[in-house]
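What follows is the residue order along each chain.
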Amino acid sequence: MNLSSTIKSIQDIMRKDDGVDGDAQRIGQLTWMLFLKVFDQREAEWEDDDPKYKSPLPTRFRWRNWAAYIAGPDGKKKPQKAASEIIGFVNNELFPAFKDLDANKSAQHKVIRSVFEDANNYMKSGTQLLAVIEKLEEAIDFHDFKNRAQLGDVYEQLLNDLRGAGNAGEFYTPRAITAFMVNRVNPCLSKKEKVLDPACGTGGFLTAAIEHFRKQLSTKSSANDRRAIEQLIRGIEKKQLPHLLCTTNMLLHGIDVPSRIEHKNTLAIGWNDWSRSDFVDCIVTNPPFGGYEDDTVGSGYHHPTKETADLFMQLIVKLLKEYGRAAVVLPDGFLFGDGIKAQIKERLLQHCKLHTLVRLPKGVFAPYTTIKTNLLFFTKGEAADDGSDRFHTETIWFYEHPYPPGYKSYSKTKPIRFEEFTPEIEWWGDEADDFATRTENEFAWKVDFKNKRAQALAAAQPHWTRAEQLGNEAVALDNRVRDLRDSIKGVSDAAQRRPVEDEIDALRNQAEALRLQARDAQAAGDRLYWPIYNLDLKNPNAPEEESHEPDMLLEKYKTLLGQIEETENRLKGELAAALAHHFVADEA
């Protein structure tokens, strides 16, 4: 039985238990058990390497001493705890001990306590709990590196199950995407470049970064180089289940003490509470989009909003060092969004060089969502010596990633593969020479954003200048009104007050009219400027495709009806004119 089938059979066992209600609880139950099983196997490896290794867990709470099946006198493997006692042991002894571990004793103590602080044992049947343990014992042996590699498939299955678990669902970023993004950002081990995923989920981007770092090791690499990898990655995850899975994932990828995988809400950290020591060289992430934070989150941000992806994009720009690199997954909605989204994009393009935008086709994230997504690659610009801001984005390259031949979409059985990105990698070039080798083709095109912005500013500026002038004139009238009002303070004679009050009313009306004109002028300028931040641009080099989507067909049908009606009206007009001319000629 393979690992994925084992997980499914374990979930089937849990469905028989009265204490486990729904997918979220089943996965929560499985996750903490999977963690203890994996941790015990990693401890066995550490003990082989270091005979002096001391476990952070009390002896009787180690998996091997209460859960592992051991051979009895007859040679058959049996449980160490009876069905009648194991639930009481887990609830009343094991969980309280883990939740009360002294996090100050060591990084390992801190990791284990953080894993269990929000975990729960939902199972009530000792018999069913032992059946789950037996399955884990039989099928999961992570000394087998093939099984370790399969864990990504297990996560994908778990997350697919979570889709039906209310708001506990997460998007699983396909490994081909995480590998490609990390490959292009290219964190460098010799430079000790730090990598952050501020919404790390189950750790897909971080494991890709670990593998990328390890490919840079050689026979000449020192032990310090190998140990450095553990300190070069950092992940932050808000939800308990993905955090627990990520911590387990780190253990399986050789991160002995995953203390830099933090369980907290990244966005709840105050804008000014981030210090320069938090700044990193590389950020790779798929921030949650479509979600909303409460009113207490997002204060201090340049563009206050409740939408999670919009908050993350602002924070990513902040946390990059100068010349730091980032790759971010974002939906089409961010590309064409206006208002706050346009302002966030303006700041992104101002402070960073958005050099590449890879447009992915539909279905990459199936079955979680059919929303079209994009990969944004950018580099933080150098701050000006005088403290002024200048736009670092001048040219934006777009690359439209095509389906493989014969594909019309992706699916669980036909996911996107890393090999599909070979054309992008070969086309990519080098940022050091400003991607001088890049050329346009049927999938790639570039936008001269510097010129586009200059033209928009030139067109919008007269309107904005006019709006400012009108606003200043309105303020001057407001000041005149205030002076007139002060001049009649204490004057009780109505005859004396009336002309001043009439003048005040007239001035107020003039000021309001000026403000309305100023708003119109401002809006006219905005209509010319802000559309340049619509990055949802169509590939100009691609052949026109015939769409068969109902909404598109309906829109085309409506357009066609309008064209037909316009043609009919024009023909009627021409016919009426011809007839009128004919009758006039006859009368003559």
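Rules behind the numbers
Going along each chain's sequence as written, the residues are numbered from 1 onward. Where totals are concerned, whole chains, interfaces and linings use all residues; where local detail is concerned, this predicted model gives features only for residues with pLDDT of at least 70, and gives and counts side-chain atom pairs only at 80 or more. Note that the side-chain values use all heavy atoms of the structure and ignore hydrogens as well as water. Exposed residues in this analysis have more than 50% of their type's maximum accessible area, buried residues have under 20%, and partly exposed residues fall in between, with area computed by a 1.4 Å probe over protein chains only. Counting from the N terminus, the helices are the DSSP runs of H or I reaching at least four residues and the strands are the DSSP runs of E reaching at least two. Paired strands, as defined in this entry, are two strands with at least two bridges between them according to DSSP. The definition of a nonpolar core used throughout is a set of buried Ala, Val, Leu, Ile, Met, Phe, Trp, Tyr and Cys residues joined through side-chain atoms within 4.5 Å. The contact criterion used throughout is that any non-hydrogen atoms of two residues lie within 4.5 Å. Axis definition: a line fit to C-alpha positions, over the contact stretch in the case of helices; interaxial angles, taken between N-to-C directions, run 0 to 180 degrees. For classification purposes, an angle smaller than 35 degrees is called roughly parallel, one larger than 145 roughly antiparallel, one from 65 to 115 roughly perpendicular, and anything else oblique. In this scheme, a crossing is called left-handed if the near helix is turned counterclockwise away from the far one by less than a right angle; it is called right-handed if the turn is clockwise. Charged means Asp, Glu, Lys or Arg here, nonpolar means Ala, Val, Leu, Ile, Met, Phe, Trp, Tyr, Cys or Pro, and polar covers whatever is left, Gly included. The crossover handedness rule: strands pointing away from the viewer, path from first strand over the helix to second strand clockwise, crossover right-handed. For this analysis, a polar contact is any N or O atom pair within 3.5 Å, provided that within protein one partner can donate a hydrogen and the other can accept it, and provided that sequence-adjacent residues contribute only side-chain to side-chain pairs. Two aromatic rings from Phe, Tyr or Trp, using only the six-membered ring of Trp, form a pair when their centres are within 6.5 Å; if the ring planes differ by under 30 degrees the pair is stacked, by over 60 it is edge-to-face, and anything between is tilted. Here a helix's expected span is defined as the number of its residues, less one, multiplied by 1.5 Å. When a carboxyl oxygen of Asp or Glu is within 4 Å of a side-chain nitrogen of Lys or Arg, the pair counts as a salt bridge.

Q: How would you summarise the pairing of strand β4 (residues 233-237) if you had to cite specific residues and measurements?
A: Most of β4 sits inside the fold, with five of its five residues counted as buried. Here β4 shows a buried face lined by Ile233, Gly235 and Glu237 and a second buried face lined by Arg234 and Ile236. Of the strand pairs in this sheet, strand β3 (residues 195-197) and β4 are connected by three bridges, and their pairing is parallel. Paired with Leu196 across the strands is Arg234, a residue of β4.

Q: Break down the nonpolar core for me, with residues and values.
A: One finds Met313, Leu376 and Phe378 to be the most contacted residues of the largest nonpolar core, which totals 49 residues. If you tally residues by element for this core, the top one is helix α12 (residues 308-319), at eight residues. Sequence-distant contacts of Leu376, defined by excluding residues within four places in its chain, comprise Ala326, Ala327, Val328, Leu330, Phe334, Leu335, Leu348, Leu354, Thr356 and Leu357. Counting 45 residues, the second-largest nonpolar core is a separate cluster that includes Trp66, Phe95, Ile133 and Leu136.

Q: Give me the packing of helix α8 (residues 175-185) against helix α9 (residues 204-215): which residues, what numbers.
A: Where α8 meets α9, the closest approach of the two axes is 9 Å, and the angle between their N-to-C directions is 50°. Considering the angle they form, α8 stands oblique to α9. For the pair α8 and α9, the crossing hand works out as right-handed. Along the contact surface, α8 presents Thr178, Ala179, Met181, Val182 and Asn183, while α9 presents Gly204, Phe205, Ala208, Ala209 and His212. Among the residues forming the contact of α8 with α9, the class breakdown is six nonpolar, four polar and no charged.

Q: Residue-level account of the sheet that holds β4, with values.
A: The strand order across the open sheet formed by nine strands is β5-β4-β3-β6-β7-β9-β8-β10-β11, and the pairing between neighbours is mixed. The sheet terminates laterally at β5 (261-263) and β11 (444-448), the two strands that pair on one side only. Across the sheet, the axes of successive neighbouring strands diverge by a mean angle of 15°, strand direction being ignored. Relative to the sheet, helix α14 (residues 340-351) contacts β8 (352-359), β9 (373-380) and β10 (395-400), its axis offset from that of β8 by approximately 115°.

Q: Give a description of the pairing of strand β6 (residues 280-285) that names residues and reports values.
A: The buried count for β6 comes to six of six residues, which makes it a mostly enclosed element. The pairing of β3 with β6 spans two bridges and is classified as parallel. Counted as the bridge partner of Leu196 is Ile283 from β6. Tracing the backbone out of β6, into α12 and back to the parallel element strand β7 (residues 320-331) gives a crossover that is right-handed.

Q: Any chance you could break down the environment of Met14 for me, citing the residues and the numbers?
A: With respect to the helices and strands, Met14 occurs in helix α1 (residues 3-15). Since its relative accessible area comes to 0%, Met14 is described here as buried. Between the C-alpha atom of Met14 and that of Leu30, which follows or precedes it by 16 residues, the distance is 9.1 Å. With near-sequence residues (within four places) excluded, Met14 lies in contact with Val20, Arg26, Gln29, Leu30, Met123 and Val132.

Q: Could you give me a rundown of unusual backbone geometry, with the residues and numbers involved?
A: Of note in this structure, Asp434 is not a glycine but carries a positive phi near 60°. With respect to the helices, strands and loops of the structure, Asp434 is situated in the loop between α15 (422-428) and β11. Take Asp434: its relative accessible area is 47%, and that puts it in the partly exposed class. One non-glycine residue, Phe435, lies in positive phi territory at about 55°. Topologically, Phe435 is positioned in the loop between α15 and β11.

Q: Tell me about the environment of Asp197, and please be specific about residues and values.
A: Within the fold, Asp197 resides in strand β3. Sequence spacing of Asp197 and Ile233 is 36 residues, and the spatial spacing of their C-alpha atoms is 8.3 Å. Look past the residues within four positions of Asp197 in its chain and what remains in contact with it is Phe205, Leu206, Arg234, Gly235, Ile236, Val284 and Thr285. Side-chain polar atoms of Asp197 contact the side chain of Thr285, separated by 2.7 Å.

Q: Got a sec to walk through the side chain of Arg26? Specific residues and values, please.
A: Looking at where Arg26 falls in the secondary structure, it is placed in helix α2 (residues 22-49). Apart from residues no more than four positions distant in its own chain, Arg26 is found in contact with Gln11, Met14, Arg15 and Val20.

Q: Break down the side chain of Ser114 for me, citing the residues and quoting the values.
A: Mapped onto the secondary structure, Ser114 falls in helix α5 (residues 107-116). On the basis of relative accessibility, which here comes to 16%, the residue Ser114 falls in the buried class. Residues within four places of Ser114 in sequence aside, it is in contact with His243 and His263.

Q: Tell me about the packing of aromatic side chains, residues and numbers included.
A: As enumerated under the stated definition, the model contains 30 aromatic pairs in all. Aromatic side chains Phe95 and Phe116 sit 5.5 Å apart centroid to centroid with 80° between the ring planes, which places their arrangement in the edge-to-face category. With Phe95 in helix α4 (residues 83-99) and Phe116 in helix α5, the pair connects residues that are 21 residues apart, well separated along the chain. Residue class for Phe95 comes out buried when judged on its relative accessible area of 5%. Ring geometry for Phe180 and Phe421: centres 4.1 Å apart, planes at 10°, overall stacked. Within this pair, whereas Phe180 is found in helix α8, its partner Phe421 is found in the loop between β10 and α15, the two being separated by 241 residues in sequence. What makes Phe180 buried here is its relative accessible area of 0%. Here Phe421 falls in the buried class, since its relative accessible area comes to 0%.

Q: Explain α2 to me, and be specific about the residues and the numbers.
A: Between its first and last C-alpha, α2 extends 41 Å over 28 residues, near the 40 Å set by a 1.5 Å rise per residue. Counted residue by residue, α2 has 21 buried out of 28 residues, so it is predominantly covered.

Q: Could you give an account of the pattern of salt bridges, naming the residues involved and the relevant values?
A: Overall, the coordinates contain 30 salt bridges when judged by the stated rule. One salt bridge in this structure joins Asp40 and Arg64, with 2.9 Å as the shortest N-O distance. Taken together, the residues span a long stretch of sequence, with Asp40 in helix α2 and Arg64 in helix α3 (residues 63-66) at a distance of 24 residues. Judged by its relative accessible area of 10%, Asp40 falls in the buried class. When the shortest N-O distance is used, the salt bridge between Arg234 and Asp278 registers 3.1 Å. On the criterion of sequence distance, the pair formed by Arg234 in strand β4 and Asp278 in the loop between β5 and β6 is long-range, its members being 44 residues apart.

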